[in-house]
Amino acid sequence: MELFFSQVLNGLAIGQVYALIALGFSLVFGVANLINFAQGALFMLGAFLAFTGVSFGLPLWVAAILSVLATTVLGMLLERVALRPLENAPYIAPLLSTLAISMVLDQLAEIIWSPEGQVFALPYEEKTFFVGGAYIGSTDILIFGFGLAATAALTWFLRSTWTGRSLRATAQDRDAASQLGVRTGQVKQLAFGLAGALGALSGILVAMYFKSVFPQMGLPFGLKGFAAALLGGLSSIPGAVLGGLLLGVAETLASAYLGEGYRDLVAYALLLLFLLVRPQGLLGDRRLEALGGVSGASGPMPTTSLLASSSSQRAAWRSYRLQPRGYLMAGVVFALLPLLTQSGYVLQAFSYALIFALLAASVTLVSGALGVLSLGHAAFYGVGAYAVAILAKQYGWPVELALPAAALITAAVAVLAALPLRKLNGHTAALGTLAIGQVGFLVFMTWIDLTRGPMGMPGIPAPRLALAGDLRLGSVSHKYWLVVAVTAMGLFLAERLLRSDIGRAWRGIREDRLAAHTSGLPVLRYLLLGFAVSGALAGLAGGLFAYVQSVVSPDSFSVQASLLLLAMAVLGGLGNLAGAAVAGIALTLLPELLRPFADWRMIAYGVLLLLMLRWRPQGLLGAH
């Protein structure tokens, strides 16, 4: 029992940090109806700014105050520059804008402070205190105390000050608050500033807890904070605190009794469970339903299209699409490349580009045609890669069997993953896909017997064609031709499907799921079919990746990879297969052309995405 109570005390300390991050999410969501994915980046930046201050000889408390002030200003600035211009854009635009900001800040941190972790020295000697048989460290007590004080101060501010009451009024009814004289634009900016301050404070506390800072810390802790906010109730301040504490205790107990690898898995499994059974959270109201959160195809819901608010602009944007046979003709053109150059480097680069074209098309099929924003598609990509790796290496299957099997397995996994999402849409469906993507990544990391975990699976044999007398496709050009053939055929079939009655049904569901349901369309069946087709394409791409790379490891299937795929789909034009393919090829080849500036690749992607959202939200070739 001593271990149990010690872990509970430890979990309450780290849970208090999650609660602070969750409060930042709740403030922004309440005022702006927006899930701020840049919160994790502000969290990371707050920790690094304090670390820099301490490195220059400042006392920790002075460095912490300066860091919180700087991050507060940055949060307000981001709202003014990157989000306010998108107020009348499709609802996906501000969400993606925060993702782009996160990409830029994370990469800038790696360039400024190096990708390696840095030691965050504590200015005091740590002690351990015993409560009965349980123990707790002085840092845990300090973190819990600061977190509690910050939460109490925020609660007092919101309830007892005019500005705080204005913020709450704006969260309850923005139009009514505006008519009563509240400057809602400034209130919204204040919410982003407060969220930045809370992010910075929690980042500093986490740096003290783990005694280190690293540029990649923003996304995982940001996701944890968001999970905490959702557990407690996304629009509830007390709920955010309760969710943070519950999450902290749950993952600490999982780490102690199941192993360190299960710490994150438990957190995201909890998130997925709550999305299924109580998407409004423990203490939240049912405002998520106003976003189309829980009713699915059987209840009242608003229009679900990602592009709904820009529908009136669509006529002004011309859409460029490719006929199905155009993909086969493009495949013939790409197949000529080995006749022009024998450079293994060039052929390998184009192989990856075509694989990502197929992947981006898979994402745009779900996110664009079906209207379910996918933030975890790399998990399906990974399932296909591991399927081919295992079937080819351990069972010696030829390519004619291994690739279709990978497609079928991934399609089945995608359907299973879609089942919990069938009653979700809008923001909640996107969060469900994010949880699924993170759970998939953690399964790749922890299922050692099957995937070998972080060590990965090396030595995947070259593809073998049994129908051609066991012809071994061992050279780079042979593998390239295999990639060209599968990609061209996959895109050809997907385009045929999009132009069929099935594709029209998908777009009808995207535009208005309730109308589709009331008109007699079997919405669930079409949703699952869409996920199956998208999963099959991602599985094929993963299988090709395993053959080309000869090794697979979980790093290739992280949430960052999912966000990159979504960026490709958006840049190409959601729902437009040709646009996704073009963006996938371009964004894969561009870093190769600018290899000396490889460190700036993610920054370029982020800035490009921001510019595209601002000036051409329909993408390069137009959304469809």
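Our structure is the block above this text.
What this report covers is the structure whose coordinates are included nearby.

Rules used in this analysis
Residues numbered from 1 in each chain as written. Predicted model: local features only at pLDDT ≥ 70, side-chain atom pairs only at ≥ 80, totals over all residues. Heavy atoms only, no water. Helix = DSSP H or I, 4+ residues; strand = E, 2+ residues; numbered from the N terminus. Contact = heavy atoms within 4.5 Å. Areas by Shrake-Rupley, 256 points an atom, 1.4 Å probe, with all protein chains shown as cover. Pairing = 2+ DSSP bridges. Phe/Tyr/Trp six-rings, centres within 6.5 Å; stacked < 30°, edge-to-face > 60°. Buried < 20%, exposed > 50% of the residue type's maximum accessible area, 1.4 Å probe, protein only. Lys NZ or Arg CZ within 6 Å of the ring centre and 35° of its normal. Axes fitted to C-alpha atoms, helices over the stretch in contact; angles between N-to-C directions. Parallel < 35°, antiparallel > 145°, perpendicular 65-115°, else oblique. Left-handed = near helix turned anticlockwise from the far one by under 90°. Salt bridge = Lys/Arg side-chain N within 4 Å of Asp/Glu carboxyl O. Patch = residues over 30% accessible without salt bridge, like charges linked within 9 Å, V, L, I, M, F, W, Y side chains within 5 Å. Core = buried A, V, L, I, M, F, W, Y, C linked by side-chain atoms within 4.5 Å. Polar contact = N/O pair within 3.5 Å; in protein donor to acceptor, adjacent residues only side chain to side chain. Expected span 1.5 Å × (residues − 1). Nonpolar A, V, L, I, M, F, W, Y, C, P; charged D, E, K, R; others polar.

### Comments concerning the overall build of the chain
If you tally the helices and strands in the chain, you get 26 helices and six strands. Principal axes of the C-alpha set define a box for the chain whose edges measure 75 × 55 × 45 Å. Look at the contacts in the chain between residues 6 or more apart in sequence, and 79% of them connect residues 24 or more apart. A total of about 24,700 Å² of accessible surface is found on the chain, and carbon and sulfur atoms cover 67% of it.

### Brief notes about the pairing of strand β3 (residues 134-137)
When strand β2 (residues 128-131) meets β3, the two strands line up antiparallel, connected through four bridges. When the sheet's bridge partners are listed, T128 is paired in β3 with G137. Between β2 and β3, which pair antiparallel one after the other, the connecting turn spans two residues, and G132 there sits at a positive phi close to 65°.

### Focus: the packing of aromatic side chains
Considering all chains together, one arrives at 15 aromatic pairs under this definition. Note on F356 and Y381: the rings are 6.2 Å apart at their centroids and 65° apart in plane angle, and the pair reads as edge-to-face. In this pair, F356 is assigned in helix α15 (residues 344-369) and Y381 in helix α16 (residues 378-394), connecting sequence segments 25 residues apart. Assigned by exposure class, F356 and Y381 land together as buried. Put simply, the rings of Y352, F356, Y381, Y386, F444, F545 and F557 touch in pairs and so form one group of aromatic residues. We note K224 situated over the ring of F221; from NZ or CZ to the ring centre the distance is 5.9 Å.

### With respect to unusual backbone geometry
The phi torsion at D470 lies on the positive side, around 60°, for a residue other than glycine. Structurally, D470 can be placed in the loop between β5 (464-465) and β6 (471-472). Phi at S550 takes a positive value of approximately 70°, unusual for a residue other than glycine. With respect to the helices, strands and loops of the structure, S550 is situated in the loop between α23 (523-549) and α24 (559-572).

### Details of the packing of helix α25 (residues 577-593) against helix α26 (residues 601-615)
The interhelical angle for the contact between α25 and α26, taken along N-to-C directions, is 140°, at an axis separation of 10 Å. Taken together, the axes of α25 and α26 are oblique relative to one another. Seen along the crossing, α25 lies across α26 with a hand that is right-handed. Along the contact surface, α25 presents L587, T588 and P591, while α26 presents R601, Y605 and L608.

### So, the pattern of salt bridges
Pairs can form between side chains of opposite charge whenever their charged atoms are close. Using the criterion set out here, one finds seven salt bridges in the structure. Across the pair K224 and E251 runs a salt bridge, and its minimum N-O distance is 3.0 Å. In this pair, K224 sits in helix α9 (residues 218-232) while E251 sits in helix α10 (residues 237-257), placing the two residues 27 residues apart along the sequence. Classification of K224 as buried rests on a relative accessible area of 6%. It is possible to trace a salt-bridge network through shared partners that takes in R321, E495 and R499.

### As for the environment of F56
Here F56 shows up in the loop between α2 (39-55) and α3 (60-83). By relative accessible area, F56 is classed as exposed at 72%. Residues F56 and L253 lie 197 residues apart in sequence; the distance between their C-alpha atoms is 38 Å.

### Description of a nonpolar patch on the surface
Judged by side-chain polarity, L3, F4, F5, F130, Y135, Y257, L258 and Y262 come together as a nonpolar surface patch covering roughly 830 Å² of accessible area. Examining the composition of the nonpolar patch, we find that three residues originate from one element, helix α1 (residues 2-32), more than from any other.

### Digging into the nonpolar core
Counting 198 residues, the largest nonpolar core has I355, L375, V552 and F557 as its most contacted members. Every residue in contact with L375, bar those within four places of it in the chain, is listed here: F37, L99, A430, T433, L434, S562, L563 and L566. Among the nonpolar cores identified, the runner-up in size contains seven residues, and A38, A41, L78 and L105 belong to it.

### A word on the side chain of T252
Examined against the element boundaries, T252 turns out to sit in helix α10. Taking relative accessible area as the criterion, T252 reaches 2% and is therefore assigned buried. Here the side chain of T252 touches G248 through a polar contact of 2.6 Å, landing on its backbone oxygen. Filtering out sequence-adjacent residues up to four positions away, T252 remains in contact with Q7, N10, G11 and I14.

### Focus: α3
Residues spaced three or four apart along an α-helix point in a common direction, a consequence of the helix completing one turn every 3.6 residues. Compared with an ideal rise of 1.5 Å per residue, which puts 24 residues at 34 Å, α3 spans 33 Å between its outermost C-alpha atoms and is within 8% of the ideal. Those residues of α3 lying buried are L60, A63, A64, S67, V68, T71, T72, G75, L78, E79, A82 and L83. Considering only its buried residues, α3 is in contact with α2, α4 (92-113), α8 (184-210) and α26.

### A closer look at the environment of L421
If you trace the backbone, L421 turns up in the loop between α17 (399-418) and α18 (426-446). Expressed as a C-alpha distance, the spacing of L421 and G53, which sit 368 residues apart in the sequence, is 45 Å.

### Quick look at the side chain of S351
The residue S351 is located in helix α15 in this model. We classify S351 as buried; its relative accessible area is 2%. At 2.8 Å, the side chain of S351 forms a polar contact with the backbone oxygen of L347. For S351, the residues in contact, after removing those within four places along its chain, are Y480, V483 and V548.

### Notes on the packing of α15 against α24
At a closest axis distance of 8 Å, the pairing of α15 and α24 adopts a crossing angle of 75°. The pairing of α15 with α24 is recorded here as roughly perpendicular in orientation. Contacts between α15 and α24 pair F356, L359, A360, V363, T364 and S367 from the former with L565, L566, M568 and A569 from the latter. In terms of residue class, the contact of α15 with α24 is built from eight nonpolar, two polar and no charged.

### Notes on the environment of A63
Counting through the fold element by element, A63 comes out in helix α3. Counting along the chain gives 17 residues from A63 to G46, while the straight-line C-alpha distance between them is 9.9 Å. Residues within four places of A63 in sequence aside, it is in contact with A50, G53, V54 and L58.

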